[in-house]
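Secondary and tertiary structure notes
Chain by chain, the residues run as shown.
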Amino acid sequence: MAEETIYLKEVLEIMRTPNSEGKAVKFDISVRTFNRNSKTGGTLNSYENAKLVMKEKGMDKDSIYALQHFKKSKTPKIRKNPQHFENKTRNIRLDNGEVKKIHIRYIISFNGKKVIY
């Protein structure tokens, strides 16, 4: 029996499409790690009920998006643009509120399906 597969393009589309309530959809994802500087890595990390970090309807003032984009004080802060498209990365938020940056080329499985390119 062949394993179910899904294309990376479909994975990215599912990740960024909000549900009917305007919230980010939850998904299960497995990603490999890699350190380009030391050429080490290969650890397989699996995350359950993760969500793509994106602007959601009805967000509270303590959400990740609000903390990144709305000023709380008058002093200007310099924020670096993550350039996710050029770097082929995405930020995902875990159930415990932790934010992880993943490289999309290292996604191994998405919702139990093997990712192909």
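So, here's what we can say about the structure.

Conventions adopted
Residues numbered from 1 in each chain as written. Predicted model: local features only at pLDDT ≥ 70, side-chain atom pairs only at ≥ 80, totals over all residues. Heavy atoms only, no water. Phe/Tyr/Trp six-rings, centres within 6.5 Å; stacked < 30°, edge-to-face > 60°. Helix = DSSP H or I, 4+ residues; strand = E, 2+ residues; numbered from the N terminus. Buried < 20%, exposed > 50% of the residue type's maximum accessible area, 1.4 Å probe, protein only. Lys NZ or Arg CZ within 6 Å of the ring centre and 35° of its normal.

Some points on the packing of aromatic side chains
On inspection of all chains with the given rule, the structure shows 2 aromatic pairs. Look at Phe-27 and Phe-110: their rings are 5.2 Å apart centre to centre, the planes differ by 35°, and that puts the pair in the tilted class. Here Phe-110 lies in strand S6 (residues 107–110) and Phe-27 lies in strand S2 (residues 26–35), a separation of 83 residues in the sequence. The two residues Phe-27 and Phe-110 agree in class, both being buried. With 6.0 Å between their ring centres and 65° between their planes, Phe-34 and Tyr-106 make a pair best called edge-to-face. Here the residue Phe-34 occupies a position in strand S2, and Tyr-106 occupies one in the loop between strand S5 (99–103) and S6, the gap between them amounting to 72 residues. Given the relative accessible area of 25%, Tyr-106 is considered partly exposed. In this structure, Arg-105 is placed above the aromatic ring of Tyr-117, and the distance from its NZ or CZ to the ring centre is 4.3 Å.

What about unusual backbone geometry?
Of note, Asn-49 is a non-glycine position whose phi angle comes to about 55°, a positive value. Here Asn-49 shows up in strand S3 (residues 40–52). For Asn-49, a relative accessible area of 35% puts it in the partly exposed group. Despite not being glycine, Asn-111 has its phi angle at roughly 50°, a positive value. Secondary-structure assignment places Asn-111 in the loop between S6 and strand S7 (113–116). The exposure class of Asn-111 is partly exposed, given its relative accessible area of 40%.

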